[in-house]
Amino acid sequence: MDRQTYVDRQTNVDKAISVGNYLNLYFGQNQGIRLGDSVVVSRKAHAKMPEKRLKGQIKILLNRDAGKTYLDFVESDQVVHIDIYHKPGEINPCDVAKAVFKAVDQYFLEKDPQLQYAEDERFKIVAGYANKIFISTNQGKGTVYDLFQNIMQPISEDEEGRDHIHMLARLNQEEYYLIYVITEAAEEVVLASGAKLAKVRNIVHGNQKQAEESFAGYIKIPWKSFKGQGATPLPAKENVNQLVLKLAEKFGGVHEIDEFLESYSTNIFKRKGIEQQKKKWGDVEHYVQQLEELDLIKNTLVGKILTKKGMQLKEFIINHKCEIESEIRRNIRKVPSGGMSGFRKLGKVEKKASCVKLTNRNKTINNLDNTWAGDLAVPETIIQARKNCFLRNDDHFTVRRKDLHYYDKKSYIPVDICLLVDASGSMAGDKRQAACYLAEHLVLTGKEKVAVVTFQERDSKVVVPFTRNHQTLSKGLATITPAGLTPLAQGIVAAVNLIKSSNVRNPMLVLITDGLPNVPLWSVDAKADALEAATYIAKNNIRLIGIGVESNKSFLEKLMDKGEGVLYLVDDLNRDNLINIVRHEKKNILQTAKMA
């Protein structure tokens, strides 16, 4: 072996170790990574994203462990998932396995040249890894050990490997360097077969949406018939309440449930088409199907309409509005589990928050060293004076300075929040519902005021002025129907003007958007106008929080820079992410104030 060959091989070993360290870092942060142009590696399941209409975009499913998903493992993080994407072509898994076996064998020989004199030991090491690596292609599947011996199993129509080499490797953290060796060998097989490698343009991280719950299977409604004039048939409250709360999870409050049911009334003027329903509430077909199974909706010649039982349900909801809304509010108050995995934060807000001193009626103090005046605690003062008179042997009852008790003061940092919500067409459905849920959660769990401003088409609208009233908020939110373009500059100006004209404390403007501005306000450049409008936020000392998607990172960073705000990037604008972000930011405000 000449010196140059030795140097090249040593460099190859170093590359593998470097990649192993790189993967260790990313896997430790619960992330996947793209190696080269065609390989995606993680410890999670992967999915293509046809809904994005962008070829070559892969989603790392953070809530789907690869070992549990594909191999039925009990423990998490035991398996590395490797996908090597290629264009149409036939890939023989036996060829891949032989290449991988040879590459691993060669790697250990290059790493430790002494192994060339211990072939049995070397074969034992490589065979051990061959039993830990599973390969699936469009021609078949199996472990490297079996495929090396041409023992191959067929793959079914729905299995992984149709348009890529799907590999699962049981490796620990110290063995991640082998991933470089494995993927390089597999890519060479793809090229040798005549197929071309397919470029992975982008990877994103997010959770896989859980399958919709089939609540029709366990909610039993014992509808009873009552005879006699004026008798009203009513279902058992417990069962119907369960059904209504299930509908509330999707549609919101009683008003919106009633609006949804009106879409299936016999009055054609009150009915909303399925596309209109999707714009407001997202995919409703599953819920319609469940209501059909419960015999609450039926098919007719004029379309789906409420059955007699469905009309009874609608009447029940209206008649028991107060108690149902009370239960819905109780559910909205529940705080989702925290964690930073659903979003990442860029930047930092330096603005200081002012605190308010409140009287604590549950605690009194007898501060002898301070002459400050406060709320005098009369009962405690009299009791103390009476005791001291006895101890001082006073001839008559007197109140002295030592006897004075005051109610204690406690500090409170109010943060009034204005939600600036993108109501363009792309926010229809679940994203709109998530933003509305956040607004309700903030009102029901905090003492501060909440306002909602939307922007869509070519204008903005104050949907809800600053309020603490949940009913006022719900009525305003019900009017939001996403459609049209994204006039971000108009929205920012409207939100700033609302904050300036309202009596608010430590105002925080939370921008929620999944798109880019496309309607200008002052010039012909919508983005430039939005950036100019953002400077008004900073000038008025308003704390700015931006919540957007990864694909819009570049513009949103510029927007936050102009508004002196902080950016949160999410894979999904779901309600748990939104609530956790606002909670996280409010916690930061409290911590900063305490440190000051």
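Residues numbered from 1 in each chain as written. Predicted model: local features only at pLDDT ≥ 70, side-chain atom pairs only at ≥ 80, totals over all residues. Heavy atoms only, no water.

Trainee: Would you mind showing me how to read the packing of helix 8 (residues 254-262) against helix 9 (residues 274-281) here?
Mentor: A packed helix pair is summarised by two numbers, namely the angle formed by the two axes and the spacing between the axes. At a minimum axis separation of 11 Å, helix 8 and helix 9 run at an interaxial angle of 165°. Considered as vectors, helix 8 and helix 9 are oriented roughly antiparallel to each other. Pair helix 8 / helix 9 crosses with left-handed handedness. Across from Glu-256, Glu-259 and Phe-260 in helix 8, the residues of helix 9 making contact are Gln-277, Lys-280 and Trp-281. Taken together, the residues that form the contact of helix 8 with helix 9 break down as two nonpolar, one polar and three charged. (Axes fitted to C-alpha atoms, helices over the stretch in contact; angles between N-to-C directions. Helix = DSSP H or I, 4+ residues; strand = E, 2+ residues; numbered from the N terminus. Parallel < 35°, antiparallel > 145°, perpendicular 65-115°, else oblique. Left-handed = near helix turned anticlockwise from the far one by under 90°. Contact = heavy atoms within 4.5 Å. Nonpolar A, V, L, I, M, F, W, Y, C, P; charged D, E, K, R; others polar.)

Trainee: How should the side chain of Asn-138 be read in this particular structure?
Mentor: Of note, Asn-138 is situated in the loop between strand 6 (133-137) and strand 7 (140-143). Overall, the relative accessible area of 16% leaves Asn-138 in the buried class. A distance of 2.7 Å separates a polar atom in the side chain of Asn-138 from the backbone oxygen of Gly-89. There is a polar contact of 3.1 Å between the side chain of Asn-138 and the backbone nitrogen of Ile-91. (Buried < 20%, exposed > 50% of the residue type's maximum accessible area, 1.4 Å probe, protein only. Polar contact = N/O pair within 3.5 Å; in protein donor to acceptor, adjacent residues only side chain to side chain.)

Trainee: What's the story with the sheet that holds strand 7 in this structure? I'm lost.
Mentor: Strand pairing in a sheet is mediated by backbone hydrogen bonds. Such pairs are either parallel or antiparallel. Spatially, six strands are ordered 1-2-5-8-6-7 in an open sheet, and the strand pairing comes out antiparallel. At either end of the open sheet lies a strand with only one pairing partner, and these are strand 1 (33-35) and strand 7. Geometrically, the sheet is characterised by an average inter-axis angle of 15° between neighbouring strands, direction not taken into account. In terms of strand pairing, strand 2 (residues 39-42) meets strand 5 (residues 80-85) through four bridges, oriented antiparallel. Across the sheet, the residue bridging to Ser-42 is His-81, located in strand 5. Sheet strands touched by helix 3 (residues 93-111): strand 6, strand 7 and strand 8 (164-169). Its angle to strand 6, the strand with the most contacts, is close to 145°. (Pairing = 2+ DSSP bridges.)

Trainee: How should I be thinking about a nonpolar patch on the surface in this particular structure?
Mentor: Where nonpolar side chains cluster on the molecular surface, the patch consists of Leu-376, Val-378, Ile-382, Phe-397 and Val-399 and spans about 410 Å² of accessible area. Within the fold, Phe-397 resides in the loop between helix 13 (378-392) and strand 14 (406-412). (Patch = residues over 30% accessible without salt bridge, like charges linked within 9 Å, V, L, I, M, F, W, Y side chains within 5 Å. Areas by Shrake-Rupley, 256 points an atom, 1.4 Å probe, with all protein chains shown as cover. Salt bridge = Lys/Arg side-chain N within 4 Å of Asp/Glu carboxyl O.)

Trainee: Can you walk me through the confidence of the model for the protein in this structure?
Mentor: Do not read the fine detail of predicted coordinates wherever pLDDT is low. On average, residues of the protein score 82 in pLDDT, and 86% of them are at 70 or above. Scored below 50 in pLDDT, residues 1-9 makes four contacts in the model with residues more than four places away or belonging to other chains. Confidence over residues 224-234 falls short of pLDDT 50; this stretch has eight contacts with residues more than four positions distant or in other chains. (pLDDT = per-residue confidence, 0-100.)

Trainee: Where do I start with helix 11 (residues 308-319) in this structure?
Mentor: Working note: α-helix, 3.6 residues per turn, so residues spaced by three or four point in the same direction. Over its 12 residues, helix 11 extends 17 Å from the first C-alpha to the last, a length consistent with the 16 Å expected when each residue adds 1.5 Å. Those residues of helix 11 not exposed but buried are Gly-310, Gln-312, Leu-313, Lys-314, Phe-316 and Ile-317. (Expected span 1.5 Å × (residues − 1).)

Trainee: Could you clarify how one ought to interpret the pattern of salt bridges in this entry?
Mentor: Close approach of charged atoms lets side chains of opposite charge pair. The tally for this structure, following the rule as stated, stands at 16 salt bridges. Of the charged contacts, one joins Lys-309 and Asp-295 as a salt bridge, the two residues approaching to 3.3 Å between their closest N and O atoms. Here the residue Lys-309 occupies a position in helix 11, and Asp-295 occupies one in the loop between helix 10 (285-293) and strand 10 (297-300), the gap between them amounting to 14 residues. Overall, Asp-295 belongs to the partly exposed group, its relative accessible area being 36%. Across the salt bridge formed by Arg-392 and Asp-394, the nearest N and O atoms sit 3.1 Å from each other. Take Asp-394: its relative accessible area is 22%, and that puts it in the partly exposed class. Within the structure, one salt-bridge network assembled from shared partners comprises Arg-392, Asp-394, Arg-400 and Asp-403.

Trainee: Would you mind showing me how to read unusual backbone geometry here?
Mentor: Note: most residues except glycine have negative phi, and most peptide bonds are trans. We note that Asn-393 has phi near 60°; this positive angle belongs to a residue other than glycine. Among the secondary structure elements, Asn-393 is positioned in the loop between helix 13 and strand 14. Positive phi, close to 55°, is recorded for Asn-541, a residue that is not glycine. Topologically, Asn-541 is positioned in the loop between helix 17 (526-539) and strand 19 (543-549).

Trainee: Help me understand the packing of aromatic side chains in this model?
Mentor: The geometry of an aromatic ring pair is captured by two quantities: the separation of the ring centres and the angle between the planes. What the rule picks out here adds up to 13 aromatic pairs. Centre to centre, the rings of Tyr-107 and Tyr-177 are 5.4 Å apart; their planes meet at 25°, and the pair counts as stacked. One end of the pair, Tyr-107, is in helix 3; the other, Tyr-177, is in the loop between strand 8 and helix 6 (178-192), with 70 residues separating them in the sequence. A ring pair is formed by Trp-522 and Tyr-536, whose centres lie 6.0 Å apart and whose planes are at 65°; its orientation type is edge-to-face. Here Trp-522, found in the loop between strand 18 (508-512) and helix 17, pairs with Tyr-536, found in helix 17; they are 14 residues apart in sequence, far enough to count as distant. Residue classification places Trp-522 among the partly exposed residues on the basis of a relative accessible area of 44%. Put simply, the rings of Phe-251, Phe-260, Tyr-264, Trp-281 and Tyr-287 touch in pairs and so form one group of aromatic residues. The ring of Tyr-177 carries the charged tip of Lys-111 above its face, separated from the ring centre by 4.6 Å. One Lys or Arg, Arg-575, reaches over the ring of Tyr-437 and ends 4.2 Å from the middle of that ring. (Phe/Tyr/Trp six-rings, centres within 6.5 Å; stacked < 30°, edge-to-face > 60°. Lys NZ or Arg CZ within 6 Å of the ring centre and 35° of its normal.)

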